[in-house]
Amino acid sequence: MGEIGFLDDHRTWVLTNDSTTYALRLDEDDVPAHVYWGPKLRTEDIPQLLEKPLPWWDGFNDPNEGLDELAADGGTKYWTPALQIRFADGTRALEWRYRNHEIHQDHLRIHFEDRHYPLRITLHYRLKSEVLERWTELTADTEVDVTRADSATWVLPIRDDYRLSHVTGRWAAETQLRRTPAPHGETTFASRRGITGHHANPWIMVDDGTATERHGEVYGVALAWSGSWRLTATRSSTQRLTISGGFGQDGVTQRVGPGNPLTTPVIAGLYTNGGFGTASRAWHTYVREHVLPHPRELRPVLYNSWEATGFDVDEVNQRTLADHAATLGVELFVVDDGWFGARTGDHAGLGDWHVNRDRFPGGLKPLVDAVHALGMKFGIWVEPEMVNPDSDLYRAHPDWVLHHPHRRRSELRNQLVLNFARPDVEAWAHDWLDRLVGDHGVDFLKWDMNRPFSEAGWPGDADPDRLWVEHTRAVYALIDRLRQDHPSLRIEACSGGGGRIDLGVLARADQVWTSDNTDALDRLRIQHGYGQLYPARAMSAWVTDNPNFVTGRSVPLRFRFHVAMAGVLGVGGDIAHWPGDDLALARELIALYKDIRPVVQHGALYRLRPPADDGVTALQYVHEDRTVVFAYRQAAHFNAPERPLRLDGLDPADRYVDSDAGTTHSGAVLLARGLPLGLPTGDFASVVLRLRRKI
Ligand code: DGJ
């Protein structure tokens, strides 16, 4: 449990949780200034940190630069601006004046105002387990233009060096982990696409260049937002590094005024000591316990029809797939794209959300009932934010899409983006989604979003730029409302694979579709990058057919299953055509998954060997008395002897039983020498091992 205190004499706030202390103060000019972020300190130690820095004034630099809690543009501060405003008379600089603060349990609010103009700023700090959440709120009595409003600026302690960890990617190649020395200057990771994006993800971790998987201090920040965003790491010649982050779109101004406040999304910060492994586990705990809507639930084994039937879904082929899925032990059957309107390919029908009667003559209900009768939940694909120009919806409402007058409407995948900031569009979407879920007993929606914004205009609206933020807020509000009205509804967030994975969507989705690339080897890397911040509990992973449609690679079924079983297992192959042996193996492995599922979905992840081009990749999950180890060897070479795999997260004093092998191991030996894996010979060898602490 965290604690928040105020040192009156020093005008300093101290926030402490189990392992971390964070402190900030008001400087002489009332500017909120950073004091400390790092290992836990006693409150009585904090005043020592407040000693004045050496006087240093060279005429070009403000000695307090780089120390602002929210680096506002103005005065002699030239740091990467976190807050840029312009008042009606053209004045741009902000001058802070402290008003008061409130502390309610884990939540600190510090209220400021401008020294002259009727603008108020509240900085929020909230402790959640080991994570500190921060955000900013602006209110004004007259109109103010806000060109930048970051959620927070994070000031890191001065270290000998800095290194950034982050992920990059593209469609079918998401979340590729990169570690790179922090360049001097400003390094910006951003999305200007109106969605989170495949190419980057809104988090950064920072270490001094020496942290490893098991050792070292790691700082991390992550933004809870699914629209355009920006995180900037600023490294200056004063040796300081900050990260400022928030939502927003380059060149787009937000207006704040009477009845129109601005509240930024949460940006979460986490300090850990124990390497990248400890950092990831702490992030996973935070997401599981404080972000996901139903953290205690176990996600069901899912079947999805996309790779089997593509756009050619109909009642007959979906029933056949459902029959097979049920015999395998699948718990949730999901019909993907192609069930509505004239959607027989990606060229038409998107937006016309009525069931295609040629394909489902009796509507959806007979299929839903059949799936339920087989003992499975029923899920269905939707893409509410999109429209094909060749659709009745677009013909009726061409003005509902994002567009500018006198500009082309650029299509991607033959589709345009509906402007969800429009109340009529949001109401229309709510109406059909509510009926789809309510009338049919839909248990699960796969909520897709298959293109970024372009020509993002809103002709006729007095403040069209607000759509950049309000589109995302409207999507959130719609999902929240559906969830509230249909409490058993569960949601998978998807954006052409992993284009919308972030802490914002995870607050209202039960899982995310990680990537359209289901090739098992590529998935090891994608899952490795995903898992740096996000937990296995939300990572949807399917077993699909050979050869893989993205890579053309064929991989043994067992290996494909073992890779997908490290997340939320799903099956996406054409199981109606799988041979009997494959179906039998699938049944066996799904049963095994159900046994290990609590360990995978709720356990602590130890990345024992990261994915390499060759050699063995290995992961371990630990939950209560149980441990599950996954090991994958891509290729065998030279009859090389197998190295035992040193485990982690166990108690050296305990003994662990492998009931499959009938062996008992000392925890100390598993940690020190390691576990003989017994991987079969040959390429694409994999094992799943189960251990239980001996009572
Ligand atoms: C993109 C998703 O990532 C796929 O899984 C599938 O649902 C298609 N969209 C359907 O159009």
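Residues numbered from 1 in each chain as written. Predicted model: local features only at pLDDT ≥ 70, side-chain atom pairs only at ≥ 80, totals over all residues. Heavy atoms only, no water.

1. A closer look at empty space enclosed by the protein
The criterion, for reference: Here the term cavity refers to a set of points on a 1 Å grid, laid over the protein atoms alone, in which a 1.4 Å probe fits but cannot get out; the term pocket refers to an open set having protein on both sides within 12 Å along at least five of seven lines, with lining residues being those that place an atom within 4 Å of a point. Grid points are joined across faces, edges and corners, and a volume is the space filled by probe spheres set on the points. Secondary structure counts use DSSP, requiring at least four H or I residues in a row for a helix and at least two E residues in a row for a strand, with both numbered from the N terminus.
The final tally for this structure, using the stated rule, is nine cavities of 30 Å³ or more. The calculated volume of the largest cavity comes to roughly 170 Å³. The wall of the largest cavity is formed by 20 residues, among which Q527, H528, L605, L619 and Y621 lie closest to the centre. For the lining of the largest cavity, the secondary-structure elements that each account for two or more residues are α9 (520-530), β32 (604-609) and β33 (616-623). When residues of the lining of the largest cavity are assigned to their parent elements, the largest contribution, four residues, is made by α9.

2. Re the layout of surface pockets
Inclusion rule: Gly falls in the polar group here, along with every residue not listed as nonpolar (Ala, Val, Leu, Ile, Met, Phe, Trp, Tyr, Cys, Pro) or charged (Asp, Glu, Lys, Arg). Bear in mind that the domain bounds are from an automatic or database domain assignment.
Taken as a whole, the second largest pocket holds about 600 Å³ of empty space. Contributing to the lining of the second largest pocket are 32 residues, with W171, N450, G496, G497 and D516 lying nearest its centre. Taken together, the residues that form the lining of the second largest pocket break down as twelve nonpolar, nine polar and eleven charged. Lining the lining of the second largest pocket are residues from two domains, each supplying at least three of them: domain 1 (3-290) and domain 2 (302-601).

3. A look at the nonpolar core
Defined as follows: We call a set of buried residues a nonpolar core when its members are Ala, Val, Leu, Ile, Met, Phe, Trp, Tyr or Cys and they connect through side-chain atoms within 4.5 Å of each other. Exposure classes here rest on a 1.4 Å probe applied to the protein chains alone. A residue is buried below 20% of its type maximum, exposed above 50%, and partly exposed in between. The criterion used for residue contact is that any of the two residues' heavy atoms lie within 4.5 Å.
Residues W283, W339, L445, L503, F561, M565 and F630 are the most contacted members of the largest nonpolar core, which totals 131 residues. In terms of residues, this core owes the most to one element, helix α11 (residues 580-602), which gives ten residues. Dropping the residues within four chain positions of it, F630 is found in contact with H562, M565, A566, I596, V600, T617, A618, L619, Y621, V687 and V688.

4. With respect to the site of the ligand
Inclusion rule: Throughout this document, a residue counts as near a molecule or strand when at least one of its heavy atoms sits within 4 Å of that molecule or strand. By the criterion applied in these results, polar contacts are pairs of N or O atoms within 3.5 Å in which, for protein atoms, one can donate a hydrogen and the other can accept it, and in which residues neighboring in sequence qualify only through two side-chain atoms. Surface accessibility follows the Shrake-Rupley procedure with a 1.4 Å probe radius. Residue values consider only the protein chains on display as shielding.
Close to the ligand lie 13 residues, the nearest being D336, D337, K446, D448 and D516. In the model, a nitrogen atom of the ligand is placed 2.7 Å from a nitrogen or oxygen of the D448 side chain. G497 places a main-chain nitrogen or oxygen 2.9 Å from an oxygen atom of the ligand. Taking 300 Å² as the accessible area of the ligand by itself, protein coverage stands at 98%. Along the lines of polarity and charge, the residues of the shell around the ligand split into four nonpolar, three polar and six charged.

5. Description of helix α4 (residues 365-373)
Under the convention used in this document: Note: the arc covers the axis-to-C-beta directions of the helix.
Those residues of α4 not exposed but buried are L367, V368, A370 and V371. Around the axis of α4, the buried residues are gathered within 165° of arc, so they sit on the same side. In this structure, the buried residues of α4 make contact with α3 (315-328), β23 (332-335), β24 (377-382) and α6 (423-440). Phi turns positive one or two residues past the end of α4, at G375, with a value near 90°.

6. Looking at the environment of A538
Secondary-structure assignment places A538 in the loop between α9 and β30 (539-543). A538 sits in the buried class, given a relative accessible area of 0%. Each C-alpha atom of the pair A538 and A509 lies 8.5 Å from the other, and the pair is 29 residues apart in sequence. Setting aside residues up to four positions removed in sequence, A538 forms contacts with L292, L506, D510, Q511, V512, Y530 and V568.

7. A look at the sheet that holds strand β11 (residues 152-155)
What counts is decided by this rule: Should DSSP find at least two bridges between two strands, the strands are taken to pair. For helices, the axis comes from a line fit to the C-alpha atoms of the stretch in contact; other axes are also lines fit to C-alpha atoms, and the angle between any two N-to-C directions lies between 0 and 180 degrees.
With antiparallel pairing, four strands are arranged side by side in an open sheet as β11-β18-β17-β14. Both edges of this open sheet fall to β11 and β14 (185-191), since each of them pairs with a single strand only. On average, each strand axis in the sheet is tilted by 15° relative to the strand beside it, whichever way the strands run. Of the pairings in the sheet, the one linking β11 to strand β18 (residues 241-247) comprises four bridges and is antiparallel in character. Residue pairing in the sheet places T153 in a bridge with S244 of β18.

8. Re helix α1 (residues 275-291)
Note the following rule: To estimate the expected span of a helix, count its residues, drop one, and scale the result by 1.5 Å.
Along its 17 residues, α1 runs 23 Å from first to last C-alpha, staying within 8% of the 24 Å computed at 1.5 Å per residue. The buried fraction of α1 amounts to 13 of the 17 residues, a majority that puts the element mostly inside the structure.

9. With respect to the domain arrangement of the protein chain
When cut into domains, the protein chain gives domain 1 (3-290), domain 2 (302-601) and domain 3 (609-693). One C-alpha centre belongs to domain 1, the other to domain 3, and the line joining them spans 40 Å.

10. Points about the packing of aromatic side chains
Stated formally: Centres within 6.5 Å make a pair out of two Phe, Tyr or Trp rings, where for Trp the six-membered ring is used; the pair is then stacked when the planes are under 30 degrees apart, edge-to-face when over 60, and tilted otherwise. Over a ring means this: the NZ of a Lys or the CZ of an Arg is within 6 Å of the ring centre and within 35 degrees of the ring normal.
Considering all chains together, one arrives at 31 aromatic pairs under this definition. Between F87 and Y117 the ring centres are 4.0 Å apart and the planes differ by 10°, which places this aromatic pair in the stacked class. Note that F87 is positioned in strand β5 (residues 83-87) and Y117 in the loop between β7 (107-114) and β8 (119-128), a separation of 30 residues in sequence. An identical accessibility class is assigned to F87 and Y117; each is buried. On the basis of an interplanar angle of 80° and a centroid distance of 5.3 Å, the ring pair of F559 and F684 is categorised as edge-to-face. Of this pair, F559 sits in helix α10 (residues 557-564) while F684 is found in the loop between α12 (667-672) and β37 (685-693), placing the two residues 125 residues apart along the sequence. Since its relative accessible area comes to 1%, F559 is described here as buried. For R179, the ring lying beneath its charged end belongs to F276, and the centroid distance is 3.5 Å. It is R508 that lies over the ring of Y476; its NZ or CZ is 3.9 Å from the centre.

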